[in-house]
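# Close look at the chain arrangement
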Amino acid sequence: MFAVETLITNAYLVLEASSEVPPDAGPEMTQVQAAHDAGREIDGGWIALDQGRVHSVGAAADPQPQAQRTVDAQGRLITPGLINTHHHMYQNLTRAYAPAVNGSLFQWLTTLYPKWAALDQESVYLSTYIAAAELIRGGCTTSSDHMYVHPQPRLIDAQIRAVEEIGFRFMANRGSMTRSVEDGGLPPASVVQDEETILEDSERLIAAWHDPSPGAMTRVALAPCSMFSVTEDIMRETALLAEKHDVRLHTHLAEDRDEDTYALEVYGRRPVEYLEDVGWATDRTWVAHYVYGSQEESRRLAAAGVSATQCPSSNMILCGDAADAKTLRSMGMSIGIGCDGSASADSADLWQETRGAMLLGRLKHGPALFSARDALNMATRGSAANLGWDDELGRLRPGDCADLVVWESAPLTQLGSFTDPVEGWLRSGPARAWHTFIGGRHVLDSGELQLAALEENIVGHSRAARAMQGLS
Ligand code: ZN
């Protein structure tokens, strides 16, 4: 008799986070009821996983399939796995580095670049392994990583070795820098590369690791770091290469006011005009931060299909403002969520960033106009759209990837929360993942990471980080 691999029962199941109450919901209908009636949430539901996919879902009264293994979720909340669309994992080797913590973005970067010049395959493997483990604990099942410092070759290959060991879904971003201090950029010469090397390595990585097939575990995007660290040529050539191989494009944009000044002085244009001029205003592009675009610029980018990643903690630490997600979404732009580098946000916890997105939304627009479901929608559907992967990630319909989180129930901080499981989850907390499945694989079981090399790699990471920071 056929039996699915895993059946999870007795949960409050969010199949897809709604971003708004449906228009036919009357004033007396609560948001919980509205979402439930729209078929997006099931109270007391079950979900069956088989061969890396969601096999079926149902309410308590619906017949359940036979299963090889059953997990009782005991009234816990299940959401689609959160998706991280902007990170620099290697930076966890210089987390909260004291000489840099109180500088501006540019001061912070110029203090740390010389430290990052010591990156090698081993330290990049270790930082990626630890970053993925940290992300899984915070409910993340897919992450991109913007790796743009390349003092040595084949660092992204080392990242992929780490995520393959873990079974973590990953979109590697082949970052690049060409303009060193000598050429009017910010980084030292030892961490930049010439254009030919970058383009050749981009094609090599796409051939080696980009898997466009459904259910892929690794994909590759192309990602020059930012306008102040690469030439216009590499931006144009990269866009052409992305078109040729049908891969995504990513870069930092409008993160800081200093960038406006730099763009006007060096290029005689505003950052968004620059992006348009180099051929990046397309629906294969997602940009990190996008704090300082004008209304008109935002409308143009939205119309072109460009999407953006809000990085709440990083922006509040380094910038003082963040993308206005609600306004940008109303223009038709998809907005995802990212934790950004571990040395700016100093944490890689997507639950925390999702909460940050909710707080920013309410701060900008008031309590009636931004809910926990809006933020969860950003971290799932919005982020999946950033990665061009919304056909099978960020929701839990039958046939979607079996990437989901069973959240820890009723820890001390959630006691007393009964009336809305989604608001309760994001307002209370901090919340931790209790079970995490990626492609149906149980990578976090009852709060414990199921990673064979974790202890060994924690020791190795600490050693590598101390060496990079010049500590004994
Ligand atoms: Zn960044």
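What counts as what
- Residues numbered from 1 in each chain as written.
- Predicted model: local features only at pLDDT ≥ 70, side-chain atom pairs only at ≥ 80, totals over all residues.
- Heavy atoms only, no water.
- Core = buried A, V, L, I, M, F, W, Y, C linked by side-chain atoms within 4.5 Å.
- Buried < 20%, exposed > 50% of the residue type's maximum accessible area, 1.4 Å probe, protein only.
- Helix = DSSP H or I, 4+ residues; strand = E, 2+ residues; numbered from the N terminus.
- Domains from an automatic or database assignment.
- Contact = heavy atoms within 4.5 Å.
- Disulfide = S-S within 2.5 Å.
- Buried area = accessible area lost by both parts, 1.4 Å probe.
- Salt bridge = Lys/Arg side-chain N within 4 Å of Asp/Glu carboxyl O.
- Polar contact = N/O pair within 3.5 Å; in protein donor to acceptor, adjacent residues only side chain to side chain.
- 1 Å grid on protein atoms, 1.4 Å probe; cavity = no way out; pocket = protein on both sides within 12 Å on 5 of 7 lines; lining within 4 Å.
- Points joined across faces, edges and corners; volume = space filled by probe spheres on them.
- Donors = N, O, S within 2.8 Å, 3.2 Å for Na, K, Ca; no water.
- Tetrahedral: all angles 85-135°; square planar, octahedral: opposite > 155°, others 65-115°.

## Digging into the nonpolar core
Grouped together as the largest cluster of nonpolar side chains are 120 residues, with contacts concentrated most on Trp116, Leu119, Phe168 and Tyr290. Considering each element in turn, this core owes the most residues, 10 residues, to helix H3 (residues 121–137). Residue-level mapping places this core at the junction of two domains, with at least three residues from each of domain 1 (4–23 + 35–80 + 401–449) and domain 2 (82–386). Contacts of Phe168, omitting those with residues within four sequence positions, involve Met89, Ala132, Leu135, Ile136, Cys140, Thr141, Thr142, Ser143, Val163, Met217 and Ile438.

## Quick look at the state of the cysteines
Taken as a whole, this structure holds 0 disulfides when the rule is applied. Cysteine Cys225 is unpaired, with the sulfur of Cys311 as its nearest cysteine sulfur at 13 Å. Overall, Cys225 belongs to the buried group, its relative accessible area being 3%.

## A closer look at the domain arrangement of the protein
Taken domain by domain, the protein holds domain 1 (4–23 + 35–80 + 401–449) and domain 2 (82–386). Between the C-alpha centres of domain 1 and domain 2 there is a distance of 29 Å. Counting residues at the interface gives 37 residues for domain 1 and 30 residues for domain 2. Each partner contributes to the roughly 2,700 Å² buried at the junction of domain 1 and domain 2, and carbon and sulfur atoms together form 59% of this total. Of all residues in domain 1, Ala17, Leu426 and Ile438 bury the most surface against domain 2, accounting for 23% of the area lost on that side. Inspection of the domain 1/domain 2 interface yields 4 salt bridges. Across the pair Arg381 and Glu16 runs a salt bridge, and its minimum N-O distance is 3.6 Å. If you look at where domain 1 meets domain 2, you find 11 residue pairs in polar contact (both at pLDDT 80 or more).

## Focus on the layout of surface pockets
If you roll a probe as big as a water molecule over the atoms, it shows you where there is empty space left. The computed volume of the largest pocket comes to approximately 390 Å³. Surrounding the largest pocket, 19 residues form its lining, Gly75, Ala410, Gln414, Ser417 and Pro421 being those nearest its centre. Here the element with the most residues in the lining of the largest pocket is helix H14 (residues 421–427); it accounts for 3 residues.

## With respect to the coordination of the zinc ion
Around the zinc ion, the protein contributes the donor atoms His86 (NE2), His88 (NE2), His252 (NE2) and Asp340 (OD), which lie 2.1 to 2.6 Å from the metal centre. Of note is the zinc ion, whose 4 donor atoms meet at the metal with angles of 88 to 176 degrees in an arrangement that counts as irregular. One chain supplies every donor to the zinc ion, and in sequence these donors are spaced H-x1-H-x163-H-x87-D. One end of the pair, His252, is in strand E10 (residues 249–253); the other, Asp340, is in the loop between strand E13 (335–337) and helix H12 (350–365), with 88 residues separating them in the sequence.

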